[in-house]
Amino acid sequence: MTEVLNEAIADFEQKLFWQTLNEQIERTQREDPEGWAEYLAEREAFLGPRPRSRQIAPEWEGLITFPEEKDETNAR
């Protein structure tokens, strides 16, 4: 029983982490669009252009919304 509870707590903490991260990204995009653009430019300069498609582990589906996915949703 303890193991089941520990796994449930770990799962909850992981979901909470990603939810908080997404909220922080959204807030930065909304409140500091210039800073967000600078971040993206710096990231691209360091890592290179982003891949055209992303594949994430099935257990992460619904936990992460990538910024470009939000832009596509808003454009429709």
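None of these values were measured; they are calculated from a predicted model.

1. Some words on the overall build of the protein
Summing up its helical and strand segments, the protein has 3 helices and 0 strands in all. In sequence order, the protein lays out its α and β elements as α-α-α. Taking all 76 residues of the protein together, 12% fall into the buried category. Accessible surface, the protein as shown: approximately 6,700 Å² in total, 53% of it carbon and sulfur.

2. Let's talk about the pattern of salt bridges
Under the definition given, this model contains 1 salt bridge. Salt-bridge contacts for Lys 15 lead to Asp 11; the nearest nitrogen and oxygen are separated by 3.4 Å. With Lys 15 and Asp 11 both in helix 1 (residues 2-31), this residue pair falls 4 residues apart, about one helical turn. Classification of Lys 15 by relative accessible area gives partly exposed; the value is 41%.

3. Regarding the packing of aromatic side chains
Geometrically, a pair of aromatic rings is defined through the distance of the ring centres and the angle of the planes. Across all of its chains, the model carries 2 aromatic pairs by this definition. When the ring of Phe 17 is compared with that of Trp 18, the centres are 4.9 Å apart and the planes differ by 80°; the resulting orientation is edge-to-face. Given the relative accessible area of 48%, Phe 17 is considered partly exposed. When its relative accessible area of 17% is taken as the criterion, Trp 18 is described as buried. For the ring pair Trp 36 and Tyr 39, a centre distance of 5.2 Å and an interplane angle of 35° mean the geometry is tilted. Residue Trp 36 and its partner Tyr 39 are both found in helix 2 (residues 33-47); the two are separated by 3 residues, about one turn of the helix.

4. Re a negative patch on the surface
Among the surface-exposed residues, Glu 31, Asp 32, Glu 34, Glu 38 and Glu 42 lie close enough to one another that they form a single negatively charged patch. The element that contributes the greatest number of residues to the negative patch is helix 2, accounting for 3 residues. As for its position among the elements, Glu 31 is in helix 1. On the basis of relative accessible area, Glu 31 is assigned to the exposed category, the value being 59%.

Thresholds, definitions, all that
Residues numbered from 1 in each chain as written. Predicted model: local features only at pLDDT ≥ 70, side-chain atom pairs only at ≥ 80, totals over all residues. Heavy atoms only, no water. Helix = DSSP H or I, 4+ residues; strand = E, 2+ residues; numbered from the N terminus. Buried < 20%, exposed > 50% of the residue type's maximum accessible area, 1.4 Å probe, protein only. Areas by Shrake-Rupley, 256 points an atom, 1.4 Å probe, with all protein chains shown as cover. Salt bridge = Lys/Arg side-chain N within 4 Å of Asp/Glu carboxyl O. Phe/Tyr/Trp six-rings, centres within 6.5 Å; stacked < 30°, edge-to-face > 60°. Patch = residues over 30% accessible without salt bridge, like charges linked within 9 Å, V, L, I, M, F, W, Y side chains within 5 Å. Lys, Arg positive; Asp, Glu negative; His and termini not counted. Charge placed at Lys NZ, Arg CZ, Asp CG, Glu CD.

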